[in-house]
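Coordinates in review
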Amino acid sequence: MAEGTQPKFQAVPKNIFFVVGPNLLPIEFPTTNIGRHVNNNIIINEPLVSRYHARVLYRDEKFYLEDLDSTHGTKVNGERIKIQQITNGDTISIASTPILFIDRSAPEVENTKKETTPLEE
């Protein structure tokens, strides 16, 4: 996201998730806050996670992860970030908590009709 440009707010596509441990958490808002405090959209109750740790932004049909000056940092694919675009399959670390970003909103490939032949005995 270029600095100084006005972001375009949009409805978040369906089928966008964070996988946190055994939990599948939907990303439903253009701004999704992550942290230890109960006022966040995604609450991670871990001592190394800041009260307001990071947020996911959906702008101009892209997802971004922004660290909110947390004490223990935010990483995308092992690299510490301030703000970074995220895409399907990216691994995120909120302090020491691993998260997988899943974007299933892309159109699926249509099933192609396959011809089959019977198995001869």
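As a reminder, the structure under discussion sits directly above these lines.
The notes below deal with the structure included here.

Procedures and definitions
Residues numbered from 1 in each chain as written. Predicted model: local features only at pLDDT ≥ 70, side-chain atom pairs only at ≥ 80, totals over all residues. Heavy atoms only, no water. Core = buried A, V, L, I, M, F, W, Y, C linked by side-chain atoms within 4.5 Å. Buried < 20%, exposed > 50% of the residue type's maximum accessible area, 1.4 Å probe, protein only. Helix = DSSP H or I, 4+ residues; strand = E, 2+ residues; numbered from the N terminus. Contact = heavy atoms within 4.5 Å. Pairing = 2+ DSSP bridges. Phe/Tyr/Trp six-rings, centres within 6.5 Å; stacked < 30°, edge-to-face > 60°.

1. Thoughts on the nonpolar core
Counting residues in each nonpolar core, the largest one holds 22 residues, and the members touching the most others are F18, I34, F63, L65, I92 and I94. Residue assignment for this core shows that the elements contributing at least two residues are β1 (16-20), β5 (54-59), β6 (62-67), β10 (91-94) and β11 (97-103). Residues in contact with L65, not counting those within four places in the same chain, are I34, A54, R55, V56, T74, V76, I81, K82, I83, Q84, I86 and I92.

2. Section: the sheet that holds strand β7 (residues 74-76)
In space, the six strands of this open sheet follow the order β2-β1-β11-β10-β7-β8, with antiparallel pairing throughout. With one partner strand each, in any of the chains shown, β2 (23-26) and β8 (79-80) form the two edges of the open sheet. Pairing analysis gives four bridges linking β1 to β11, with the strands arranged antiparallel. The residue bridging F17 from the neighbouring strand is I102, located in β11.

3. Quick look at the packing of aromatic side chains
Considering all chains together, one arrives at three aromatic pairs under this definition. Between F18 and F101, the aromatic rings sit 6.0 Å apart at their centres with planes inclined by 70°, giving edge-to-face as the arrangement. Within this pair, whereas F18 is found in strand β1, its partner F101 is found in strand β11, the two being separated by 83 residues in sequence. No difference in accessibility class separates F18 from F101, as the two residues are buried. Among the aromatic residues, those joined into a ring-pair cluster are F18, Y58, F63 and F101.

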